[in-house]
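# Topology and contacts: notes
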Amino acid sequence: MLQIAPEKVAHVIIRARELDAKVSPWDSSGDVRDADTILEARAGDATEGELRAFIGALNEDEQTSLVALMWIGRETFGPDELEEAIDTARLEATSPTATYLLGEPLLADYLEDGLDALGISVEDAEDGIL
C-alpha cells in the first residue's frame, strides 16, 4: 500500500515541473537575481530548496513510497510490485531521498505515470493543492 498521500506526490510533481522549466543562466553568475532571472536555474534556487525541504520533511515511509512510485512510473517495477518496490527503496537508500529524486531528469513524468499505473488520479490530487 502506498504510504504517501496523493496530494503530497502532486506537490512534488508541480515543484519538479517548475524546476524542469528553468533554463541555464544567460548572463554572468554575478548578476543580481531579479524578475528577469526567475526562470534561470541558479545555485541556491528557491524552488529547488523548497522541494528538497518538502521531501526531507516527509517521514521514512512517505519517502520510500515516493521512490517506489517513481520506479513504478519508469517501469522498473510494475504496479503489482508496489510492496517489493517500497521494500527495495528502503533497503537501497544510500543518499538523501531528495538528492536521489532530484537527480532523476523525468521525475515529474515518472511520478505522474506511477500514480496513473496505481489507478490514482493525478488531476484529483493536484486539485487538492492548487
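In this text, all values refer to a predicted model and were calculated from it rather than measured experimentally.

### A look at the nonpolar core
Membership of the largest hydrophobic core comes to 29 residues, with the highest contact counts inside it found for Val9, Leu66 and Leu111. Counting only elements with at least two residues in this core, the list comes to α1 (6–20), α2 (46–57), α3 (60–73), α4 (82–92), α5 (97–102) and α6 (107–117). The element that contributes the greatest number of residues to this core is α3, accounting for 7 residues. Excluding residues within four positions of it along the chain, leucine 66 makes contact with Ile4, Val9, Val12, Ile55, Leu58, Leu101 and Leu111.

### Observations concerning unusual backbone geometry
The phi torsion at glutamate 75 lies on the positive side, around 70 degrees, for a residue other than glycine. Within the secondary structure, glutamate 75 sits in the loop between α3 and α4. Glutamate 75 gets classed as exposed once you look at its relative accessible area, which sits at 68%.

### Quick notes on the confidence of the model for the protein chain
Overall, the prediction assigns the protein chain a mean pLDDT of 85, with 79% of residues at 70 or greater. Within the protein chain, no element has a lower average pLDDT than helix α7 (residues 122–127), which sits at 84, and none a higher one than α3, at 98.

### Thoughts on the packing of aromatic side chains
By the definition in use, this model includes 2 aromatic pairs. On the basis of an interplanar angle of 80 degrees and a centroid distance of 6.5 Å, the ring pair of tryptophan 71 and tyrosine 100 is categorised as edge-to-face. Here tryptophan 71 is found in helix α3, whereas its partner tyrosine 100 is found in helix α5, with 29 residues between them in sequence. Accessibility expressed as a relative area gives 31% for tyrosine 100, which makes it partly exposed. Feature note: the residues Trp71, Phe77 and Tyr100 constitute an aromatic cluster, connected by ring pairs.

### Looking at the packing of α3 against α6
The contact between α3 and α6 brings their axes to 7 Å, and the two run at 85 degrees. Regarding the angle of α3 to α6, the classification is roughly perpendicular. Here α3 contributes Leu66, Leu69, Met70, Ile72 and Gly73 to the contact with α6, which in turn contributes Leu107, Tyr110, Leu111, Asp113, Gly114, Leu115 and Ala117. Here the residues of the contact of α3 with α6 sort into 9 nonpolar, 2 polar and 1 charged.

### Points about the pattern of salt bridges
A side chain of one charge can pair with a side chain of the opposite charge when the charged atoms of the two come close. Scanning the entire structure with this criterion turns up 9 salt bridges. Salt-bridge contacts for arginine 52 lead to glutamate 48; the nearest nitrogen and oxygen are separated by 2.9 Å. With arginine 52 and glutamate 48 both in helix α2 and 4 residues apart, the pair spans about one turn of that helix. Taking the relative accessible area as the measure of exposure, glutamate 48 reaches 29% and is therefore partly exposed. For the salt bridge of arginine 74 with glutamate 104, the shortest nitrogen-to-oxygen distance reads 3.1 Å. You can see arginine 74 sitting in the loop between α3 and α4 and its partner glutamate 104 sitting in the loop between α5 and α6, a full 30 residues away along the chain. On the basis of relative accessibility, which here comes to 17%, the residue glutamate 104 falls in the buried class.

Rules behind the numbers
- Residues numbered from 1 in each chain as written.
- Predicted model: local features only at pLDDT ≥ 70, side-chain atom pairs only at ≥ 80, totals over all residues.
- Heavy atoms only, no water.
- Core = buried A, V, L, I, M, F, W, Y, C linked by side-chain atoms within 4.5 Å.
- Buried < 20%, exposed > 50% of the residue type's maximum accessible area, 1.4 Å probe, protein only.
- Helix = DSSP H or I, 4+ residues; strand = E, 2+ residues; numbered from the N terminus.
- Contact = heavy atoms within 4.5 Å.
- pLDDT = per-residue confidence, 0-100.
- Phe/Tyr/Trp six-rings, centres within 6.5 Å; stacked < 30°, edge-to-face > 60°.
- Axes fitted to C-alpha atoms, helices over the stretch in contact; angles between N-to-C directions.
- Parallel < 35°, antiparallel > 145°, perpendicular 65-115°, else oblique.
- Nonpolar A, V, L, I, M, F, W, Y, C, P; charged D, E, K, R; others polar.
- Salt bridge = Lys/Arg side-chain N within 4 Å of Asp/Glu carboxyl O.

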